[in-house]
Amino acid sequence: MSERTLLLRNATLVATMDAGQTEIPDGGVLVRGGRIAAIGASATLPCSADEIIDLSGHVLMPGMINTHHHMYQTLTRAVPGAQDCELFDWLKRLYPIWARLTPEMIRVSTQTAMAELLLSGCTTTSDHLYIYPNGCRLDDSIEAALGIGMRFHACRGSMSVGESRGGLPPDRVVEDEAAILADSQRLIETWHDPADGAMLRIALAPCSPFSVSTDLMRESARMASHFGVGLHTHLAETVGDVAYSRERFNRSPAEYAEELGWTGKGVWHAHCVCLDDHGIQTFARTQTGVAHCPSSNMRLGSGIAPIRKMRDAGVAVGLGVDGSASNDAGHMLLEARMAMLAARVRPLQPGSPAGDPASLSARQVLEIATRGSARALGRDDIGSLEVGKCADLVAFDLRAPDYAGALHDPLAALVFAAPGKVALSVINGRVVVRDGELLTLDLHRLSTHHNLLAHRLVNDE
């Protein structure tokens, strides 16, 4: 039986995000099964397919890849008392609320977060779930995601060092380390797909150096290496984060990570706002990834990560929206825009080296959100439109009022103009968003249920 074909044609521009940054006016893509079978000018592609979608007036590009999120936090956006805090105070205010999470809340928040991401042009996402009260499991998130059609890296987070042992989280939300490792192995053996083109992968993700022990960091790295899964954590997010590392471990965050086996392909660290020059060189040399989360870093007053310096050194930099209690949005195109603008502000900060304030272009931040994010996750089967790669594609309608007058450069318009919603999303060859409508979830019903649960959670009802 032949594989189903899908022909996308007549796009105003196809931005491949391949190594040569190839752009094709009046272009298209032929999809066969879950893979890209051909790409080029529309006139060079076949005239027939099982389904043909005309993309006149659209930009077609790879689906964006979100490298860092905490999806449960969609339940605690804009919570009073936590709106104007820096990281550590923000966490202390929210930990008691998150301690009331239930499995139902994990499932619904996962679906809400994925819907938001999908409608913004994201086709692959990671999620870092590190708090498991009241019977919550990572399985709740995975099972909620299965029918949505999104490519998923589910990260088994953990916290094991509570306040009584010098950590930041309350003791009631930390876990026993033996239980963490046993559950990590169970999740890998149950859910992880190592195959090329996998829709679901597991990564191990102790929350941060200030919430887990050195032993757990080291043992998680050993387990990840043994099973061939990814590693993820928060690192060098704030000045206070760095001070904690130096005081407690007598190491910089990057030195601490390298010593414990937390560098290499498939290892990626969130934030790295305060990553020093030695850390940048270490990450570049070892192919260690960074998840850049500019909105969250600015929202919490953490600073602006030296992304241009990282990229110039060869670090694998991807984009992340971070948790929806510190962004408080999950819009990938908006995040790309914020990455561009933040990079232009950074060189003008007091004490920063002189340099071109326009340090990241629109195309560079879109490359970070696609090809760069794939590299940060250790994947080479997604992130660009190339023959043989997974058919994860998105299209934006340039005929919307937001883009009027910006068509001199259609691709740059996606970043410079107001961030739009995606018109079409194809994941693994399957149409998931059509004409701006998500096909796999009832959004009105989902939002109503989500808001009810959010009220119960925050108000302890």
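Everything quoted here is computed from the prediction, not taken from an experiment. (Residues numbered from 1 in each chain as written. Predicted model: local features only at pLDDT ≥ 70, side-chain atom pairs only at ≥ 80, totals over all residues. Heavy atoms only, no water.)

Details of empty space enclosed by the protein
Tallied over the full model, the rule gives 2 cavities of 30 Å³ or more. As a volume, the largest cavity reaches approximately 140 Å³. Leu87, Leu91, Tyr130, His234 and Glu237 are the residues nearest the centre of the largest cavity, which is lined by 17 residues in total. The leading source of residues in the lining of the largest cavity is helix α1 (residues 87-98), at 4 residues. Classifying every residue of the lining of the largest cavity by side-chain character gives 8 nonpolar, 7 polar and 2 charged. If you add up the space inside the second largest cavity, you get close to 30 Å³. Around the second largest cavity, the lining residues are Ala15, Thr16, Met17, Gln21, Thr22, Glu23, Arg363 and Leu411. Grouping the amino acids of the lining of the second largest cavity by side-chain chemistry returns 3 nonpolar, 3 polar and 2 charged. (1 Å grid on protein atoms, 1.4 Å probe; cavity = no way out; pocket = protein on both sides within 12 Å on 5 of 7 lines; lining within 4 Å. Points joined across faces, edges and corners; volume = space filled by probe spheres on them. Helix = DSSP H or I, 4+ residues; strand = E, 2+ residues; numbered from the N terminus. Nonpolar A, V, L, I, M, F, W, Y, C, P; charged D, E, K, R; others polar.)

Section: unusual backbone geometry
Looking along the chain, the bond that leaves Asn327 and enters Asp328 is cis, with omega of 5°. Note on placement: Asp328 falls in the loop between β13 (316-319) and α11 (332-345). Residue Ala236 is not a glycine yet carries a positive backbone phi of 50°. Along the chain, the position of Ala236 falls in the loop between β10 (230-235) and α6 (239-249).

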